[in-house]
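Observations on the three-dimensional arrangement
What follows is the residue order along each chain.
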Amino acid sequence: VVSSEVESTRSTPFSSQPEAMQNDEGRIVDLYLPRKCSATNRLIPAKEHGAVQFNVAQVDENGVYNGEFYTFAIAGFIRNRGESDACLNRLFSEKSLLTFSK
């Protein structure tokens, strides 16, 4: 036997209104936020499985992670063309994460 309290909190399986996504402050937010390629600024579609996204950590002079990071996203078509390495070198250089001095 299911109590009436539990029964009243259940949602119907085929409700006509989709439930809205809320953040911790109670604001309604979108369910999907599209990503942009860091190299080309093109939108990365949700169904693109060749795209990658990764975080590069900031470390102090002792090599200890300080809680900050940079996020990079590379679209699949850049990876297919074999240009992701050159694009990442350019992006790292712009953020002063990589130097080309000898």
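First, a word on scope: everything that follows refers to the structure included in this document. (Residues numbered from 1 in each chain as written. Predicted model: local features only at pLDDT ≥ 70, side-chain atom pairs only at ≥ 80, totals over all residues. Heavy atoms only, no water.)

Core analysis: the largest hydrophobic core is formed by 13 residues, its most contacted members being C37, A39, I44, I74, I78, L88 and L91. A per-element tally of this core places helix α3 (residues 84-94) first, with 4 residues. If we skip the residues at most four places from it in the chain, A39 touches A73, I74, C87, R90 and L91. (Core = buried A, V, L, I, M, F, W, Y, C linked by side-chain atoms within 4.5 Å. Buried < 20%, exposed > 50% of the residue type's maximum accessible area, 1.4 Å probe, protein only. Helix = DSSP H or I, 4+ residues; strand = E, 2+ residues; numbered from the N terminus. Contact = heavy atoms within 4.5 Å.)

Next up on the list: the packing of aromatic side chains. One pass over the structure, following the stated rule, counts 2 aromatic pairs. Judged by centre distance (6.2 Å) and plane angle (40 degrees), the ring pair of F54 and F72 falls under tilted. Note that F54 is positioned in strand β5 (residues 52-59) and F72 in strand β6 (residues 65-74), a separation of 18 residues in sequence. Classification of F54 by relative accessible area gives partly exposed; the value is 26%. Judged by its relative accessible area of 2%, F72 is buried. Look at F72 and F92: their rings are 5.2 Å apart centre to centre, the planes differ by 80 degrees, and that puts the pair in the edge-to-face class. (Phe/Tyr/Trp six-rings, centres within 6.5 Å; stacked < 30°, edge-to-face > 60°.)

Our focus in this paragraph is α3. Looking at α3, one finds that the buried residues are C87, L88, L91 and F92. Considered in projection along α3, the buried side chains sweep an arc of 130 degrees and stay on one side of the axis. With respect to the buried face of α3, the exposed residues turned more than 90 degrees away are D85, A86 and E94. Buried residues belonging to α3 abut β5, β6 and α2 (76-80). Among the residues trailing α3, S96 stands out with phi positive, at a value near 60 degrees. (Arc of directions from axis to C-beta.)

Examined against the element boundaries, R27 turns out to sit in the loop between β1 (21-22) and β2 (28-29). In this structure R27 comes out as exposed when scored by relative accessible area, which is 60%. Discounting chain neighbours no more than four positions away, the residues touching R27 are M21 and Q22.

Inspection of the secondary structure assignment puts K95 in the segment after α3. With 25 residues separating them in the primary sequence, K95 and Y70 have C-alpha atoms 8.7 Å apart. Aside from chain neighbours lying at most four places away, what touches K95 is Y70 and F72.

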